[in-house]
Amino acid sequence: YGTFNESSVDYPLFAFKVAEAIKNKEIEKGILICTTGIGISIAANKVKGIRCAKVDNLNEAKMTRLHNDANIIALNGSNDLGVELVRIFLETPFSNEEKHIRRLKMISDYEDSNDN
């Protein structure tokens, strides 16, 4: 879904492609990388059902899966931990704890109530 050279691109286009692929059940999870990881995560989170977390450290990579069942992580392009962050993100299951399920339902219910 990404670019294949070092030319400047409009990152929202790639965020939307990955997020829509998850929404359409073509893929389970996504990994987004841009200069800071911030803008691309904001763009991905505009797609209904997406929970994209901007991750900078190992604990965040683990907790975003364990507590938030994130389906995309966003990384900055200069993070030396990138490979390890991706590994942890992909290998950590959602906890399925009642409090986390309840909170995710609150988010999705709010999202559904604001459909235009």
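Everything below is about the structure printed above this text.
Cut-offs used in this document
Residues numbered from 1 in each chain as written. Predicted model: local features only at pLDDT ≥ 70, side-chain atom pairs only at ≥ 80, totals over all residues. Heavy atoms only, no water. Salt bridge = Lys/Arg side-chain N within 4 Å of Asp/Glu carboxyl O. Helix = DSSP H or I, 4+ residues; strand = E, 2+ residues; numbered from the N terminus. Buried < 20%, exposed > 50% of the residue type's maximum accessible area, 1.4 Å probe, protein only.

> So what exactly am I meant to see when it comes to the pattern of salt bridges here?
Between side chains of opposite charge, a pair can form when the charged atoms approach closely. One pass over the structure, following the stated rule, counts 8 salt bridges. Measuring nitrogen to oxygen at the nearest pair gives 3.5 Å for the salt bridge that ties D69 to R51. With D69 in the loop between α3 (58-66) and β3 (72-76) and R51 in the loop between α2 (38-44) and β2 (52-54), the pair connects residues that are 18 residues apart, well separated along the chain. The partly exposed category is assigned to D69, whose relative accessible area is 21%. The exposure class of R51 is partly exposed, given its relative accessible area of 27%. With a shortest N-O distance of 2.7 Å, R102 and E98 are connected by a salt bridge. Taken together, the positions of R102 and E98, both in helix α5 (residues 98-113) and 4 residues apart, correspond to about one turn of that helix. Taking the relative accessible area as the measure of exposure, E98 reaches 53% and is therefore exposed. The network of salt bridges with shared partners includes R51, R65 and D69.

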